[in-house]
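Commentary on secondary and tertiary structure
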Amino acid sequence: MTTRRAVLHAAALAPILTACAPNTVFGASSQLRIAVPWSGSELSAFRKVLTDTGTERGVAVLPLGDDIDTALVTRGRSAPDLIMLPEVGRIDALAGSVLRAFPDTLWQDGTGPRYPDVWRNLVWHRGALYAIPFKSAYKSLIWYDRQAFGGADPARWPLDQWRDRVAEVSARRPFALGGADGWVLADLFGNILHSRSRRAYRRLAVQGAVESGQERKWDSLPVRASMRRMAELCAPAGTFPGGIAGALTSQFPDSVRAVFEHRAAAAVMAPDFAEPIVRSCLRRSRRSPEVVGVMPFQAFAAGHRPPVIGAGDVLVATTSARRDVMPVVAALSAPGAVSGWIADYGGFLAPSTRTVTDHPPLLDPVAGQLRSWTDFDLADLLGTAGRRDGLWRALTDLLVTVGDGHPERIDSAVERAVRTLEDFDGGIR
């Protein structure tokens, strides 16, 4: 389902989409256009993948960042042929109309499926393959500086005890938060909700996976309890370096640097792809890798299970594509295509079981979990409701209201967040 909001956004970005395509000896008209959500080192890493696979001269890369969803509604000369899509929850609604199917041979080879079963329900629709998993991620991790804990083991602390226990052993701020990147806030909420009630998480995710007018139920006890826990965690004064304003204006890499380079915070919730940033922090500050601790995200409270959430970007082809995409799709899905990204840049988990599964040493403590997630990123399953004008906005407003020592505002802030999300869904339908 295409929303009016998305169409207007795409119209505004159309000139940018056109300008992003570089002119090469092939000419812009002959280049296959691929929209990606990456920037910085990830974008450089992807360009290396194109170089390594011999496809770079015939491909124009459109780096759209958080605006990647607009590539789905862009038409005409600016329309991409391929999209690296993080919002796998939109596949069911767009299959056959906006997205074209791939041949089954891209999913399996002579020895069986090339991807774990956890991906099947996400990328297949009515018996047809509409997306190829390209990059995987593990979203239920906390990175911490061992020196901030004086020998204490934070992996034993449930989430409701975390802040007080950190204060007992460390003079640093308990957390760093890259809240300027809305997905960080969505990840925090998603992990809390998953631990609070997997059933509620999955119900919300399933409702979000089909944007066809199906009603989502935000006003539920588990959703409210999870928003409350998030607010309780973030409300006390002194929780973040720079206060709540610092937390909500810091980007994701800044939050990692706050822990391992600037030593302003004890821990940060961060996926596996924080690893290259952590390494760069250690290098600049001349610190040993031994100071780095990585552990699973904590349970909601004692007696609850820790969350186990994955994510990733999938490669899809648009029905408006005017070029033959299959040679590039086949090249990018080859087992060795991402070897250069893994070796030279890091921060990459390959979803294909045919790709070498080596992981960086810093991830040794959690290596066995990196491919064992059970549920996909909630925000990416929610579609537009999980992004800037929906969940990101609601959670940002929640923390602005309660942050820097205003726990008395939690009830009203949670109520407003729930209403914001219900109103957003009402505007989509």
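All residue numbers refer to position in the chain's written sequence, counted from 1. With pLDDT at 70 or above as the cut-off, local features in this predicted model cover only qualifying residues; side-chain atom pairs require 80 or more to be listed or tallied, and sums for whole chains, interfaces and linings still use all residues. Just so you know, side-chain values use all the structure's heavy atoms and leave hydrogens and water out.

Right, let's talk about the overall build of the protein chain for a bit. For the protein chain, the count of helices and strands is 16 helices and 15 strands. It is over C-alpha atoms that the radius of gyration is taken, and the globule rule equals 2.2 Å times the number of residues to the power 0.38. Here the C-alpha radius of gyration of the protein chain, 21 Å, is about what a compact globule of 429 residues would show, namely 22 Å. Summary of the burial criterion: residues with accessible area below 20% of their type's maximum are buried, those above 50% are exposed, and those between are partly exposed, where the area comes from a 1.4 Å probe applied to protein chains only. Counting only residues that meet the buried cut, the protein chain has 57% of its 429 residues in that class. Contacts are assigned to residue pairs that have any heavy atoms within 4.5 Å of one another. Sequence-distant contacts, at least 24 apart, represent 80% of the contacts inside the protein chain between residues at least 6 apart. Accessible surface area values rest on a Shrake-Rupley calculation with a 1.4 Å probe, where residue burial reflects the displayed protein chains alone. Summed over all atoms, the accessible surface of the protein chain reaches about 16900 Å², with 50% contributed by carbon and sulfur. For the charge count, each Lys or Arg is scored as positive and each Asp or Glu as negative, with His and the chain ends excluded. A single reference atom marks each charge: NZ on Lys, CZ on Arg, CG on Asp, CD on Glu. Taking the 50 positively charged and 45 negatively charged side chains of the protein chain as two groups, their mean positions are separated by 1 Å. We count a stretch as a helix when DSSP gives it H or I for four or more residues in a row; a strand needs E for two or more, and each element gets its number in order from the N terminus.

Before going further, it helps to spend a moment on the packing of helix H6 (residues 182-196) against helix H8 (residues 221-234). For the pair H6 and H8, the least separation of the axes is 9 Å and the interaxial angle reads 125 degrees. On the basis of the axis angle, H6 is oblique to H8. Note that H6 runs across H8; the crossing there is right-handed. Listed contacts from H8 to Leu185, Leu188, Phe189, Ile192, Leu193 and Arg196 of H6 are Leu221, Pro222, Val223, Ala225, Ser226, Met227, Arg229, Met230, Leu233 and Cys234. Asp, Glu, Lys and Arg are counted as charged, while Ala, Val, Leu, Ile, Met, Phe, Trp, Tyr, Cys and Pro are counted as nonpolar; the rest, among them Gly, fall into the polar class. Counted by class, the contact of H6 with H8 contains 13 nonpolar, 1 polar and 2 charged residues. Angles run from 0 to 180 degrees between N-to-C directions of axes, and those axes are lines fitted to C-alpha atoms, restricted for helices to the stretch in contact. By definition in this entry, angles of less than 35 degrees are roughly parallel, angles greater than 145 are roughly antiparallel, angles of 65 to 115 are roughly perpendicular, and the rest are oblique. Crossings are sorted by hand: turned counterclockwise from the far helix by less than a right angle, the near helix makes the crossing left-handed, and turned clockwise it makes it right-handed.

Two side chains carrying opposite charge are able to pair once their charged atoms lie near each other. Think of a salt bridge as a Lys or Arg side-chain nitrogen and an Asp or Glu carboxyl oxygen that are within 4 Å of each other. Applying the stated criterion across every chain yields a total of 29 salt bridges. One salt bridge in this structure joins Arg287 and Asp145, with 2.8 Å as the shortest N-O distance. Here Arg287 is found in the loop between helix H11 (275-285) and strand S13 (292-296), whereas its partner Asp145 is found in strand S10 (residues 141-145), with 142 residues between them in sequence. Judged by relative accessible area, which is 0%, Asp145 ranks as buried. Linking Arg409 and Glu408 is a salt bridge whose minimum nitrogen-to-oxygen distance equals 3.9 Å. Using a relative accessible area of 33% as the deciding quantity, one classes Arg409 as partly exposed. Overlapping salt bridges bring together Asp219, Arg224, Glu415, Arg419 and Glu422 as one network.

Residues belong to one nonpolar core when they are buried, are Ala, Val, Leu, Ile, Met, Phe, Trp, Tyr or Cys, and are joined through side-chain atoms within 4.5 Å. One finds Ile34, Phe46, Val123, Phe134, Trp143, Phe189 and Leu332 to be the most contacted residues of the largest nonpolar core, which totals 145 residues. No other element matches the 8 residues that H6 contributes to this core.

Another point: the environment of Arg146. Within the element layout of this structure, Arg146 appears in the loop between S10 and helix H5 (162-169). Arg146 gets classed as partly exposed once you look at its relative accessible area, which sits at 39%. Considered as a pair, Arg146 and Asp104 are 42 residues apart in the sequence and their alpha carbons are 47 Å apart. Setting aside anything within four residues of it in sequence, one finds Arg146 in contact with Gly151, Glu290, Val291, Val292 and Gly293.

Overall, the prediction assigns the protein chain a mean pLDDT of 90, with 91% of residues at 70 or greater. What pLDDT expresses is the predictor's confidence in each residue, scored from 0 to 100. Long-range and interchain partners of residues 1-13, a stretch whose pLDDT sits below 50, account for 25 contacts in this model, where long-range means more than four residues apart. In this model, residues 18-28 is a region of pLDDT below 50 whose contacts with residues beyond four sequence positions or in other chains number 19 contacts.

With that settled, the discussion passes to H8. For a helix, the expected span equals 1.5 Å multiplied by the residue count minus one. Taking 1.5 Å of rise per residue, the 14 residues of H8 would be expected to cover 20 Å, and the 20 Å separating its terminal C-alpha atoms lies within 8% of that figure. For H8, a buried count of 10 out of 14 residues is recorded, marking the element as mostly surrounded by other parts of the structure.

A few words on helix H2 (residues 40-52). For H2, built from 13 residues, the straight-helix expectation of 18 Å at 1.5 Å per residue is met to within 8% by its first-to-last C-alpha distance of 19 Å. Of the residues making up H2, those classed as buried are Leu43, Ala45, Phe46, Val49 and Leu50. The buried side chains of H2 occupy one side of the element, clustering within an arc of 160 degrees when seen end-on. Lining the buried residues of H2 we find strand S1 (32-36), strand S2 (59-63), strand S3 (82-85), strand S9 (132-138), helix H12 (326-332) and helix H13 (339-344). What the arc measures is the spread of directions leading from the helix axis to the C-beta atoms.

An order of S11-S12-S10-S13 is seen for the 4 strands of this open sheet, with the pairing classed as mixed. Bordering the open sheet on either side are strand S11 (173-176) and S13, each of which pairs with just one other strand. For this sheet, the mean inter-axis angle between neighbouring strands, taken without regard to orientation, is 25 degrees. For two strands to pair, DSSP has to find at least two bridges joining them. Here S10 pairs with S13 via 5 bridges, running antiparallel. If you follow Trp143 over to S13, its bridge partner there is Val294. Its contacts with the sheet place helix H10 (residues 252-260) against S10, S11, strand S12 (265-269) and S13, and it is angled at close to 145 degrees to S12.

With that settled, the discussion passes to the packing of H6 against helix H15 (residues 388-402). In helix packing, the relevant descriptors are the interaxial angle and the interaxial distance, both defined with respect to the helix axes. In the contact formed by H6 and H15, the axes pass within 9 Å of each other and the chain directions differ by 80 degrees. Accordingly, the angle class assigned to the pair H6 and H15 is roughly perpendicular. Residue-level inspection shows Gly182, Trp183, Leu185, Ala186 and Phe189 of H6 in contact with H15, the latter providing Leu391, Trp392, Leu395, Thr396 and Leu399.

The next point concerns the packing of aromatic side chains. In this description, an aromatic ring pair is defined by two values, namely the gap between the centres and the angle between the planes. Centres within 6.5 Å make a pair out of two Phe, Tyr or Trp rings, where for Trp the six-membered ring is used; the pair is then stacked when the planes are under 30 degrees apart, edge-to-face when over 60, and tilted otherwise. Counted under the stated rule, the structure contains 20 aromatic pairs. Residues Trp183 and Phe252 carry aromatic rings whose centres are separated by 5.0 Å and whose planes lie at 55 degrees to one another, so their mutual orientation is tilted. Taken together, the positions of Trp183 in helix H6 and Phe252 in helix H10 put the pair 69 residues apart, joining distant regions of the chain. Residue classification places Phe252 among the buried positions, given a relative accessible area of 5%.

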